[in-house]
Amino acid sequence: MSKEKFTTLVSHAVPLPMENVDTDQIIPARFLKATTREGFGNNLFRDWRYNANGTPVNDFVLNDPKYTGKILIAGKNFGCGSSREHAAWAIHDYGFRVVISSFFADIFKNNALNNGLLPVVVSDAFLKSLFDAVMTNPATMITVDLEDQMVAVNGQYEEFDINLYKKTCMLNGYDDIDYLLSISKDVRAFDLAHP
């Protein structure tokens, strides 16, 4: 999906200090009828963002104007539950480019990486320091450096792991087909060398 290169992001962040956020909370099943990826951001966390009558829930973080940015900081075990790819679509479509947590469900993590959304796993202690920094001062800037695999805030930093193939794809804005096309000469040379 992604044609957007990701190298370094410096942004404010939105804190969602809730654990075990499942994909049905991220994007409720009743909104999965669309056949394209656009528009899912409108219903991101729909049942937490809006009352039954459609009015905003004032104390939900996405409705709080002091929190903005392209980074979502989430509690442990984010993206658990069903395997719906729509959860990653909704987060990306809303405008987030990074989700930071201390643990992601594997399927959500892979769906995120396949859709231009960088899931960053940090330690519980560093996650707490990110929450503390942003909730104390919403103007706090966080740096996510994919090339060096590092997250930094207020002079503290922590490295994170990422699959090398997915890192290469994100740095270059490749989907799987783009990646194969980028190495087509090498594939052809290998093929010719091994008849």
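For the structure, check the block above.
All figures in this text were calculated on a predicted structure; none of them were measured in a lab.

**With respect to helix α5 (residues 124-136)**
With 13 residues, α5 ought to run about 18 Å at 1.5 Å a step, and its terminal C-alpha atoms sit 18 Å apart, in line with that. On its buried face, α5 sits against β2 (13-16), β3 (71-74), β4 (98-101), β6 (142-145), β7 (150-153) and β8 (156-159).

**Comments concerning unusual backbone geometry**
Even without being glycine, N20 reaches a positive phi, approximately 60 degrees. If you trace the backbone, N20 turns up in the loop between β2 and α1 (23-26). The phi torsion at N154 lies on the positive side, around 50 degrees, for a residue other than glycine. Position of N154 among the secondary structure elements: in the loop between β7 and β8.

**Focus on the pattern of salt bridges**
Taken as a whole and judged by the stated rule, the model has eight salt bridges. The salt bridge partner of R84 is D24, with a shortest N-O separation of 2.9 Å. Of this pair, R84 sits in the loop between β3 and α3 (86-94) while D24 sits in helix α1, placing them 60 residues apart in sequence. On the basis of relative accessible area, R84 is assigned to the buried category, the value being 16%. Taking the shortest distance from any N to any O, the salt bridge between K76 and D124 comes out at 3.6 Å. Of this pair, K76 sits in the loop between β3 and α3 while D124 sits in helix α5, and the two are 48 residues apart along the sequence.

**Quick notes on a nonpolar patch on the surface**
A cluster of nonpolar side chains, contributed by I177, L180 and L181, occupies part of the molecular surface with about 320 Å² of accessible area. On the secondary structure map, L181 appears in helix α7 (residues 176-182).

**Notes on the pairing of β2**
Covered by surrounding structure in β2 are A13 and P15 together with V14 and L16, the residues of both alternating faces. As judged from the four bridges shared by β2 and β3, these two strands associate in the parallel manner. Within β3, the position partnered with L16 by the bridge is A74.

**Topic: the packing of aromatic side chains**
To describe a pair of aromatic rings, one takes the distance between the centres and the angle between the planes. Applying the stated rule across the entire model yields eight aromatic pairs. Through a chain of ring-to-ring contacts, three or more aromatic side chains come together here, namely F45, W48 and F60.

**Things to note about the pairing of β4**
Side-chain alternation along β4 places V98 and I100 on one buried face and V99 and S101 on a second face that is also buried. Summarising the sheet, β3 and β4 pair through three bridges and their orientation is parallel. Bridge pairing in β4 places L72 opposite V99. With α3 bridging β3 and its parallel neighbour β4, the resulting β-α-β unit is right-handed. Where β4 meets strand β5 (residues 118-121), four bridges bridge the pair, whose relative direction is parallel. Residue pairing across strands places S101 opposite V121, the latter belonging to β5.

Reading guide: rules and limits
- Residues numbered from 1 in each chain as written.
- Predicted model: local features only at pLDDT ≥ 70, side-chain atom pairs only at ≥ 80, totals over all residues.
- Heavy atoms only, no water.
- Helix = DSSP H or I, 4+ residues; strand = E, 2+ residues; numbered from the N terminus.
- Expected span 1.5 Å × (residues − 1).
- Contact = heavy atoms within 4.5 Å.
- Salt bridge = Lys/Arg side-chain N within 4 Å of Asp/Glu carboxyl O.
- Buried < 20%, exposed > 50% of the residue type's maximum accessible area, 1.4 Å probe, protein only.
- Patch = residues over 30% accessible without salt bridge, like charges linked within 9 Å, V, L, I, M, F, W, Y side chains within 5 Å.
- Areas by Shrake-Rupley, 256 points an atom, 1.4 Å probe, with all protein chains shown as cover.
- Pairing = 2+ DSSP bridges.
- Phe/Tyr/Trp six-rings, centres within 6.5 Å; stacked < 30°, edge-to-face > 60°.
- Right-handed = clockwise from strand over helix to strand, strands pointing away.

These figures come from the coordinates and say nothing about function on their own.
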